[in-house]
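Analysis of the macromolecular model
This is what each chain is made of:
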Amino acid sequence: MSAVMRLKDELVDYSFKFMLNCVHMVFTVCLLLSEIWSYVRRRWTISRNIIQFSQSVKKIPKHIVFIIDGNEKDKYVSLEEICQLMQWSITLEISNISLYDNRGYFVKNMDLLESLLSRALCLSPDDQIKFKPSQKNGSNQHNVIYHTNFKSSTLRILSMLNGKQTITMIAKELITKISKSIDESEKIKTITSNDIDFLMMEKISVPEPDLAIICSTKPCLFGLLPWHMRLTEMIKLPKLGPLMPQDFVYVMNRFSLCHQRYGR
């Protein structure tokens, strides 16, 4: 009798797992078909001319940040495609363009990034893009924001290390300020979010992004400055196969149609 019951339980477990696998397979196929249909629509209904789009779009971000997974196994976008996205952003005259990853991928490959970006911008060898280190956010060599200027745009490279080291420095500053306050009336009794925000903006000196484009298979921010993204629109880059101008235009169209409603 116990053998029969055990066999029955095994059959129930097998049937349940089989049903779950079927549901997962159907869901995966539906997602794939949806991506293919979205790809076809973008290809045939959206202009690939970035200059023409820049003349008709009603709203563009003042600061755009491209987020990638620093794991080199994630090949959702290549370094060449990242440079292409930056070139299109410069064409739209976006004031601040930032790259972010959680493992220092851009910093490790900075020479290649500079070369590919210069090629995408059709620059001569004498006018190559060169990122410069900025240590406004601290003297620690791992806490440096690299930046450069091109035309009307400021290009930056951000990393998860910028946030970790900066929080450590702010905590030390607040503790020092509390310990050195002799006058009881001037002594800080509670640390508020405004105190942290003020010091954070002073250290990082980067404007809040209007738009974050997630260039990864995972819908994740990978630790990007959460205190600095209160009003940021987050949109995943829709990509199927090689990157097309229509993919970027689609994201910018979505952003231009967003209407933010601020509470009291």
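Residues numbered from 1 in each chain as written. Predicted model: local features only at pLDDT ≥ 70, side-chain atom pairs only at ≥ 80, totals over all residues. Heavy atoms only, no water.

Examining the overall build of the chain
For the record, the criterion: Strands here mean DSSP runs of E at least two residues long; helices mean DSSP runs of H or I at least four residues long; both are numbered from the N terminus. Here's how the labels work: a residue is buried when its accessible area is under 20% of the maximum for its type, exposed when over 50%, partly exposed in between, all with a 1.4 Å probe on protein chains only. We call two residues in contact when some of their heavy atoms are within 4.5 Å. Surface accessibility follows the Shrake-Rupley procedure with a 1.4 Å probe radius. Residue values consider only the protein chains on display as shielding.
Looking only at helices and strands, the chain features eight helices and seven strands. Of all 264 residues assigned to the chain, the portion counted as buried reaches 39%. Looking at the chain alone, contacts between residues at least 24 apart form 68% of all its contacts between residues at least 6 apart. Put simply, the chain shows about 16,600 Å² of open surface, and 57% of that area lies on carbon and sulfur atoms.

So, the pattern of salt bridges
Operational definition: Salt-bridge detection follows one rule: a side-chain nitrogen of Lys or Arg within 4 Å of a carboxyl oxygen of Asp or Glu.
Evaluation of the coordinates by the stated rule reveals three salt bridges. Between K218 and D69 there is a salt bridge whose closest N-O contact spans 3.1 Å. You can see K218 sitting in the loop between β6 (211-214) and β7 (233-236) and its partner D69 sitting in the loop between β1 (63-68) and α3 (79-91), a full 149 residues away along the chain. Between E114 and K130 there is a salt bridge, and its shortest N-O distance comes to 3.5 Å. With E114 in helix α5 (residues 110-120) and K130 in the loop between α5 and β3 (132-134), this residue pair connects regions lying 16 residues apart in the sequence. The class for E114 is buried, based on a relative accessible area of 6%.

Quick word on the packing of α3 against α5
Counted only if it meets this: For every element, the axis is a line fit to its C-alpha atoms; helices are fit only across the contacting stretch, and the angle between N-to-C directions ranges from 0 to 180 degrees. Relative orientations are named as follows: roughly parallel for angles under 35 degrees, roughly antiparallel for angles over 145 degrees, roughly perpendicular for angles from 65 to 115 degrees, and oblique for any other angle. A crossing counts as left-handed when the near helix is turned anticlockwise from the far one by less than a right angle, and as right-handed when that turn is clockwise. Throughout, the ten residues Ala, Val, Leu, Ile, Met, Phe, Trp, Tyr, Cys and Pro are labelled nonpolar, Asp, Glu, Lys and Arg are labelled charged, and all others, Gly among them, are labelled polar.
One can describe the packing of α3 onto α5 by two numbers: an axis separation of 9 Å at closest approach and a directional angle of 50°. Classified by the angle between their axes, α3 and α5 sit oblique to one another. For the crossing formed where α3 meets α5, the hand is right-handed. Touching L79, E80, C83, M86 and Q87 of α3 are L112, L113, L116, L117 and A120, all from α5. In the contact of α3 with α5, the residues fall into eight nonpolar, one polar and one charged.

With respect to the packing of aromatic side chains
What describes a pair of aromatic rings is the distance from one ring centre to the other and the angle between the planes of the rings. This is how the line gets drawn: Only centres within 6.5 Å qualify two rings of Phe, Tyr or Trp (six-membered ring in Trp) as a pair; their planes then separate them into stacked at under 30 degrees, edge-to-face at over 60, and tilted for everything else. Criterion for a charge above a ring: Lys NZ or Arg CZ within 6 Å of the ring centre, and within 35 degrees of the ring normal.
Enumeration according to the criterion identifies two aromatic pairs in this entry. Between the aromatic rings of W88 and F248, the centroid separation amounts to 5.8 Å while the plane-to-plane angle is 35°, which identifies the pairing as tilted. Of the two residues, W88 is situated in helix α3 and F248 in helix α8 (residues 245-256); the sequence distance between them amounts to 160 residues. There is no split in this pair, since W88 and F248 are both buried. Plain terms: the ring middles of Y105 and F106 are 5.8 Å apart, the flat faces sit at 65° to each other, and that makes the pair edge-to-face. For Y105, a relative accessible area of 17% corresponds to the buried category. Residue placement shows K59 over the ring face of F255; its charged tip is 4.7 Å from the ring centre. Directly above the aromatic system of Y76 lies the positively charged group of K239, at a separation of 5.6 Å from the ring centroid.

Considerations on α5
Among the residues of α5, those classed as buried are M110, L113, E114, L116, L117 and S118. In this structure, the buried residues of α5 make contact with α3, β2 (96-101), α4 (105-108), β4 (145-150) and β5 (153-159). After α5 finishes, the residue C122 shows a positive phi value of roughly 55°.

Considering unusual backbone geometry
You will see that E93, though not glycine, has its phi angle at about 60°, which is positive. For E93, the location among the structural elements is in the loop between α3 and β2. Within the chain, K151 stands out as a residue other than glycine whose phi angle is a positive 55°. With respect to the helices and strands, K151 occurs in the loop between β4 and β5. In this structure K151 comes out as exposed when scored by relative accessible area, which is 74%.

Section: the layout of surface pockets
What counts here: Detection works on a 1 Å grid of protein atoms alone, calling trapped sets that fit a 1.4 Å probe cavities and calling open sets with protein on both sides within 12 Å along at least five of seven lines pockets, with lining residues defined by an atom within 4 Å of a point. Grid points are joined across faces, edges and corners, and a volume is the space filled by probe spheres set on the points.
What the largest pocket holds in volume is close to 330 Å³. Around the largest pocket, the lining is made up of 14 residues, and of these E35, Y76, K236, P238 and K239 lie nearest the centre. Those elements that provide at least two residues to the lining of the largest pocket are α1 (2-45) and α8. With five residues, the top contributor of residues to the lining of the largest pocket is α1.

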